[in-house]
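# Coordinate inspection notes
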Amino acid sequence: MKPNQLSENIFCLPVHDRSTRLFEGLWPIEKEGITYNSYLIRDEKTVLIDLCKELFQEDYLKELRTLVDPARIDYLVINHMEPDHSGALHAFRQAAPQALILGSAKTVKMLDDFFGITANIRSVSDGEELDLGSHKLRFISAPMVHWPETMFTYEVSTQTLFPCDAFGGYGIPENGIYDGDYSDLSYFETEALRYYTNIVAAFSKPVLNAGDKLSGLPLRTIAPSHGLVWNKDPQRIVELYLKWSSYGKEPAEKGVTLLHGSMYGNTDKMVAEVRRGLEASGVPLTVHDVTTTPVSYILPALWINQGVVIGAPTYEGTLFPTMQMVLHMAEIKRVFNKQAAYFGSYGWGGGATRFLNAQFEKMNWKLGEVLDFVGQPTEDDLKAGFAFGKRFGESIR
Ligand SMILES: Cc1cc2nc3c(=O)[nH]c(=O)nc-3n(C[C@H](O)[C@H](O)[C@H](O)COP(=O)(O)O)c2cc1C
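Residues numbered from 1 in each chain as written. Predicted model: local features only at pLDDT ≥ 70, side-chain atom pairs only at ≥ 80, totals over all residues.

What follows is about the overall build of the protein. Check the secondary structure of the protein and you find 12 helices and 21 strands. In terms of overall dimensions, the protein has C-alpha extents of about 80 × 40 × 35 Å along its principal axes. Looking at the protein residue by residue over its 397 residues, the buried ones come to 49%. Across the protein, contacts joining residues at least 24 apart in sequence account for 74% of those joining residues at least 6 apart. (Helix = DSSP H or I, 4+ residues; strand = E, 2+ residues; numbered from the N terminus. Buried ≥ 20, exposed ≤ 12 C-beta atoms within 10 Å, placed from the backbone. Contact = placed C-beta atoms within 7 Å.)

Have a look at this one:
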């Protein structure tokens, strides 16, 4: 986690977190890890932008001291109060009691609520500027991207945007912090989408509002607080974000997510046939077994694809609970406006579709064809499964 020099006097201090198993206690990052990027600007006035999680504060302050004596830091800008960026605050205050904390008006209240800190704080307003010498900061209010107090900070002379959670992603960029360090960005874009759907998607409208505020602003570098710093092609991540945000209210991409789960294998016998039918239709397809795949990895497909096929049995008069949990999380993350179809096995009275009808009402998903069958699927059921998948795929394609 050595500091990186972004420009002559702007540095990124990325903390590499490889020990957290579940980000926010929910989202698996054991394989991928995550970074907490903090930024230092050295000028006539010295500024630090965001911090890191409390767990890493000692190492973080050690690295910070290689760049500056904390006692010489004039300002700490808090873009976002979430503890993965502010957890080191008490330790920082001890090392740099003179540093004036700058944040939105809501941040001032939250500093008291979360840390009991009330002194040496100043709130900044939307569009306010702060001269540092040869650098100048502009504060851009971005409420609900991702908490109500959130703001972005823009450095005018280098055209660098510090947007905290926005444009960030899971994953540790081991071979360089810049987008230009990688010939293939697909891993980071996949993890940025997963992060978006897990953390930010519920706030797609505020993201679009923030996007409006950024339009016309020259952006040479996008320096988020998680993951890559984008300075080769900063527009790439902006465009991706705006596209993903638009799926909060507009139709998503022409693709299908096939979600399946089974207790004893009867529904799963049908999955292969439905899948073959979907593939035969030519529609782009993503398949997830909800009993083995954490919802964190399922949300990206649900967000991106217009169509969803649900394959799961009836359980105690309702839908198989593991599938219910996925749909509940999709509702929380505001995965709305989908075309859906259902297939699944039941033993006597059924009931899965009762749940689906009520759940889809809340999410504005349209339930089209239903293919349910008693016990194990017959040869005829399997044939019907192929045709059902093909028809649904064609309706989306
Ligand atoms: C715990 C449990 C609860 C069930 N509850 C119902 C029910 O309320 N109504 C019904 O029609 N079938 C019910 N069934 C029967 C299953 O829906 C049926 O066995 C089905 O074939 C299971 O599909 P699967 O092999 O894909 O898990 C239940 C089965 C289990 C194991």
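Picking up after the structure, the text goes on.
By nearness alone, 20 residues border the ligand, and M263, N266, T267, P313 and G347 come closest of all. At the level of secondary structure, the elements contributing two or more residues to the shell around the ligand comprise α8 (266-281), β18 (314-315) and β20 (339-346). Counting residues per element, the shell around the ligand draws most heavily on α8, at 3 residues. (Near = placed C-beta within 6 Å.)

A few words on the packing of helix α5 (residues 186-200) against helix α9 (residues 295-304). Between α5 and α9, whose axes approach to 8 Å, the crossing angle comes to 90°. Put simply, α5 runs roughly perpendicular to α9. Touching L193, R194, T197 and N198 of α5 are S296, Y297, L299, P300 and W303, all from α9. Within the contact of α5 with α9, the residues separate by chemical class into 5 nonpolar, 3 polar and 1 charged. (Axes fitted to C-alpha atoms, helices over the stretch in contact; angles between N-to-C directions. Parallel < 35°, antiparallel > 145°, perpendicular 65-115°, else oblique. Nonpolar A, V, L, I, M, F, W, Y, C, P; charged D, E, K, R; others polar.)

Now for unusual backbone geometry. Within the chain, D50 stands out as a residue other than glycine whose phi angle is a positive 60°. Within the secondary structure layout, D50 lies in the loop between β6 (47-49) and α1 (57-65).

Our focus in this paragraph is the environment of Y315. Relative to the assigned elements, Y315 resides in strand β18. Residue Y315 is classed as partly exposed on the basis of its C-beta count, with 19 C-beta atoms lying within 10 Å. Separated by 224 residues in sequence, Y315 and A91 have C-alpha atoms that sit 51 Å apart. Apart from the residues lying within four places of it in its own chain, the contact partners of Y315 are F320 and P321.

Turning our eyes to something else, we now look at the nonpolar core. By size, the foremost hydrophobic cluster in this structure holds 116 residues, and its most contacted members are Y39, L76, V309 and M323. Taken together, domain 1 (4-246) and domain 2 (258-396) each give at least three residues to this core, which thus spans both. Setting aside chain neighbours within four positions, we find M323 in contact with L259, G261, V290, I310 and A312. (Core = buried A, V, L, I, M, F, W, Y, C linked by C-beta atoms within 7 Å. Domains from an automatic or database assignment.)

Looking now at the UniProt feature "domain: Flavodoxin-like" (unreviewed entry) in the protein. When the UniProt feature table is mapped onto this chain numbering, "domain: Flavodoxin-like" (unreviewed entry) sits at residues 256-393. Spanning residues 256-393, this segment combines 47% helix with 28% strand, and its end C-alpha atoms are found 7 Å apart. (UniProt positions renumbered as here; feature names shortened; annotations may be inferred.)

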